[in-house]
Amino acid sequence: MIKTKNLKKVYVTEEVETTALNDVNLEIKDGEFCAIMGPSGCGKSTLLNIMGLLDNPTEGEYHFMDHEISDHSERERAQLRKGNIGFIFQSFNLIDELTVFENVELPLLYLGVDSKERKEKVEAALERMGMMHRRNHFPQQLSGGQQQRVAIARAVVANAKLILADEPTGNLDSDHGDEVMKLLAELNDAGTTIVMVTHSPHDADYARRVIHLFDGHVVTENMQEGFHV
Ligand SMILES: Nc1ncnc2c1ncn2[C@@H]1O[C@H](COP(=O)(O)OP(=O)(O)OP(=O)(O)O)[C@@H](O)[C@H]1O
Ligand SMILES: [Mg+2]
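Residues numbered from 1 in each chain as written. Chains lettered and ligands numbered in written order. Predicted model: local features only at pLDDT ≥ 70, side-chain atom pairs only at ≥ 80, totals over all residues. Heavy atoms only, no water.

**Looking at the overall build of the protein chain**
The helix and strand inventory of the protein chain stands at 7 helices and 10 strands. The C-alpha atoms of the protein chain give a radius of gyration of 17 Å, which matches the 17 Å a tight globule of 229 residues would have. C-alpha atoms of the protein chain, sized along the principal axes, occupy 45 × 40 × 35 Å. A separation of at least 24 residues holds for 67% of the contacts in the protein chain among residues at least 6 apart in sequence. (Helix = DSSP H or I, 4+ residues; strand = E, 2+ residues; numbered from the N terminus. Rg over C-alpha atoms; globule rule 2.2 N^0.38 Å. Contact = heavy atoms within 4.5 Å.)

Below is the structure:
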């Protein structure tokens with residue numbers, strides 16, 4: 001599903017150049033569950049953004065679902081992203097002015113799905129995340145764990161093949177964090193590829209493979225025993 005070759009990302013601002021990623025070579029296969037760990041500033045979010053087609057690398061190749069995308073335009077990337085990739089963020093990133101139902105419906109609106117099918121799909125996703133009873137609530141009326149469940153419903157509603165999660169439990173207490181991790185593990189069992197950035201060794205235990213980044217480099221990759229325990 002994902003392959004990078006000598007991937008490099010340099011941010012240039014007026015005063016400084018920052019090399020966020022340097023010579024990253026990775027392969028992530030269909031159906032994998034990978035965790036990315038490493039100290040603050042080592043390039044985890046940068047890597048996730050490039051994997052999610054939100055940003056282009058400065059140098060190197062990025063292959064996503066058989067497309068080499070490093071020279072794709074913004075528009076081409078958006079096209080490929082739609083329906084294929086779902087994002088989950090530490091801060092949930094729900095739209096406060098929209099209800100739970102409307103938040104989850106958004107990706108389907110972008111895809112031009114008709115209203116009857118939208119309703120079915122949104123309800124199925126909310127059902128799967130145990131959030132149907134809050135469908136008419138606004139995000140601010142929900143607990144953190146509930147907001148993240150809605151965000152997961154939004155990430156999966158269009159049948160994304162790849163879920164990218166950037167510290168999905170970072171703002172949750174351990175019980176709600178575990179609940180979110182169990183939902184991600186269930187999605188993975190059902191075939192969705194997951195790449196998750198985390199600072200928590202406990203959360204990383206849910207993954208099959210842990211990739212350690214340091215200073216923009218991959219330093220180690222470990223396969224884990226007792227996956228999904
Ligand atoms: N838009 C940007 N412009 C300039 N530099 C940036 C930009 N985004 C990130 N960086 C720099 O790139 C490096 C990697 O940042 P990144 O956000 O990927 O780190 P991270 O591993 O996700 O850290 P954290 O664990 O704190 O979230 C950092 O040194 C950061 O300062
Ligand atoms: Mg980050």
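**Concerning the packing of aromatic side chains**
Counted according to the given criterion, the structure contains 2 aromatic pairs. When the centroid spacing of 5.9 Å and the interplanar angle of 10 degrees are considered together, the rings of Phe-87 and Phe-89 count as stacked. For Phe-87, a relative accessible area of 16% translates into the label buried. Given a relative accessible area of 25%, Phe-89 falls into the partly exposed group. (Phe/Tyr/Trp six-rings, centres within 6.5 Å; stacked < 30°, edge-to-face > 60°. Buried < 20%, exposed > 50% of the residue type's maximum accessible area, 1.4 Å probe, protein only.)

**Considerations on the site of ligand 1**
Residues in contact with ligand 1 amount to 13 residues; listed here are only the nearest, Ser-40, Gly-41, Lys-44, Ser-45 and Thr-46. The contact in question runs from an oxygen atom of ligand 1 to an N or O atom on the side chain of Lys-44, over 2.7 Å. Here ligand 1, which alone exposes 640 Å², has 61% of that area covered by the protein. Broken down by secondary-structure element, the contributors of at least two residues to the shell around ligand 1 are strand E2 (17-28) and helix H1 (44-51). (Near = heavy atom within 4 Å. Polar contact = N/O pair within 3.5 Å; in protein donor to acceptor, adjacent residues only side chain to side chain. Areas by Shrake-Rupley, 256 points an atom, 1.4 Å probe, with all protein chains shown as cover.)

**Points about the environment of Pro-201**
Secondary-structure assignment places Pro-201 in helix H7 (residues 201-204). Separated by 155 residues in the primary sequence, Pro-201 and Thr-46 have C-alpha atoms spaced 20 Å apart.

**Comments concerning the layout of surface pockets**
One way to see where empty space is left: roll a probe the size of a water molecule over the atoms. Computed from the structure, the largest pocket encloses a volume of approximately 530 Å³. Lining the largest pocket are 21 residues, and of these Ile-85, Phe-87, Pro-107, Tyr-110 and Arg-154 lie nearest its centre. Of all the secondary structure elements, the ones that give two or more residues to the lining of the largest pocket are helix H2 (74-81), strand E6 (85-89), helix H3 (100-111) and helix H5 (144-156). Size it by volume and the second largest pocket reaches roughly 170 Å³. Taken together, 13 residues form the lining of the second largest pocket, with Thr-169, Gly-170, Leu-172, Ser-200 and Asp-203 sitting closest to its centre. (1 Å grid on protein atoms, 1.4 Å probe; cavity = no way out; pocket = protein on both sides within 12 Å on 5 of 7 lines; lining within 4 Å. Points joined across faces, edges and corners; volume = space filled by probe spheres on them.)

**Points about the nonpolar core**
Of all hydrophobic cores here, the largest spans 41 residues; its most connected members are Phe-33, Val-104, Leu-126, Met-129, Ile-152, Leu-184 and Met-196. When contributions to this core are tallied by element, the ones reaching two or more residues are strand E3 (33-37), H3, helix H4 (115-128), H5, strand E7 (162-166), helix H6 (174-189) and strand E8 (193-197). Not counting residues within four places of it along the chain, the set of residues in contact with Leu-184 comprises Phe-33, Ile-88, Ile-152, Pro-168, Ile-194 and Met-196. In terms of nonpolar packing, the next biggest core, distinct from the first, is built from 27 residues, Leu-7, Leu-47, Leu-80 and Leu-162 among them. (Core = buried A, V, L, I, M, F, W, Y, C linked by side-chain atoms within 4.5 Å.)

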